[in-house]
Amino acid sequence: MTRVAVVTGASSGIGREFVRLLVLDSSVDAVYAVARREERLVALKEELGEKVRPLAMDLLTESPLAFLQKGEELTWAVHSAGVGYSGACKNLTVKQQTDTVDLNCKVAVSFLTAAAEKMQRGGKIVCLASAAAFTPQPYFAAYAASKSFVLSFCRALSVELKRKGVSVTAVCPGPVDTEFFLTSSKDGKVAKNKEKYMVTPESVARKGIKSAKKGKQVCVPSGSMKLGFFASKILPHSLLMRVYKEDK
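Residues numbered from 1 in each chain as written. Predicted model: local features only at pLDDT ≥ 70, side-chain atom pairs only at ≥ 80, totals over all residues. Heavy atoms only, no water.

1. Considerations on the sheet that holds strand E6 (residues 167-171)
Okay, step 1: Taken in spatial order, the seven strands make up an open sheet running E3-E2-E1-E4-E5-E6-E7, and their pairing is parallel. Edge positions in the sheet fall to strand E3 (52-56) and strand E7 (218-219), since each of these pairs with one other strand and no more.
Okay, step 2: Packing of helix H3 (residues 94-118) onto the sheet brings it into contact with strand E1 (2-8), strand E4 (72-79) and strand E5 (124-128), and relative to E4 it is tilted by some 155°.
Okay, step 3: Taken strand by strand, helix H7 (residues 201-213) contacts E4, E5, E6 and E7, and its axis lies near 150° from that of E6. (Pairing = 2+ DSSP bridges. Helix = DSSP H or I, 4+ residues; strand = E, 2+ residues; numbered from the N terminus. Contact = heavy atoms within 4.5 Å. Axes fitted to C-alpha atoms, helices over the stretch in contact; angles between N-to-C directions.)

As structure tokens, this is what we get:
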């Protein structure tokens, strides 16, 4: 039996780092690297070797888990694909906001549910949520709401799958040094108030894998975001939302 991992959003950022780390894991025989940009996936295979299996697709229309072959056992399912746009709702298009919900919520539910059905005892599901899930965020409203959904869904699914022996971990980083800000912000730059909390995608993926192996429901990879997680539990959200300002 070939033990396989499937990682979405694998062409860059956190997803790419999950692929790197799982390729090095002796318990994984092959890693399906899933994203839309085929040329990047091919380059990743050339860099990391034959354990990487590039799978180019649009997750809104196809499921990577449908491509698993007979004799392959799904041991890791990592959903890292996502999108978000910052700015006041009135300044964003309806499509930008509905695309955020479709990819971050609908695709996540589809991928995680299918993974849960295929996994045997010991399987690990990891889904990228965000520290934005902890409270509503003015000027990042649809993204924060979508990640709040993801966090809630993952935690509930974790309880449902506990008896089966499958773990579900929601990873909730703050700002990460990736290409995400090229599309999420107005000018492709990181706001000053976010830049000081920036962490590397490698550290997020490493801590996500470590938390999944421990069976944790939630992984908050940095100290500053752990403080935010705690604050969101004891302070009124109406108070916390006052700190969010529109990026100028």
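After presenting the structure, the write-up continues.
2. Here we look at the nonpolar core
Okay, step 1: Membership of the largest hydrophobic core comes to 44 residues, with the highest contact counts inside it found for Val6, Leu65, Leu74, Ile125 and Leu151.
Okay, step 2: Of all elements in the fold, only E1, strand E2 (30-35), E4, H3, E5, helix H4 (141-161), E6 and helix H8 (223-234) reach the threshold of two or more residues within this core.
Okay, step 3: Among the elements that take part in this core, H3 stands out by supplying eight residues, more than any other.
Okay, step 4: Core analysis: the next-biggest nonpolar cluster, separate from the first, contains 28 residues, Leu41, Val199, Val204 and Ala212 among them. (Core = buried A, V, L, I, M, F, W, Y, C linked by side-chain atoms within 4.5 Å. Buried < 20%, exposed > 50% of the residue type's maximum accessible area, 1.4 Å probe, protein only.)

3. Regarding the pairing of E6
Okay, step 1: Among the five residues in E6, five count as buried, and that is most of the element.
Okay, step 2: Burial of E6 is two-sided: the residues Ser167, Thr169 and Val171 facing one way and the residues Val168 and Ala170 facing the other way are all buried.
Okay, step 3: With H4 bridging E5 and the parallel E6, this β-α-β connection has right-handed handedness.
Okay, step 4: Sheet topology places E6 next to E7; two bridges connect them, and they run parallel. Looking at the pairing, valine 171 lines up with cysteine 219 of E7. (Right-handed = clockwise from strand over helix to strand, strands pointing away.)

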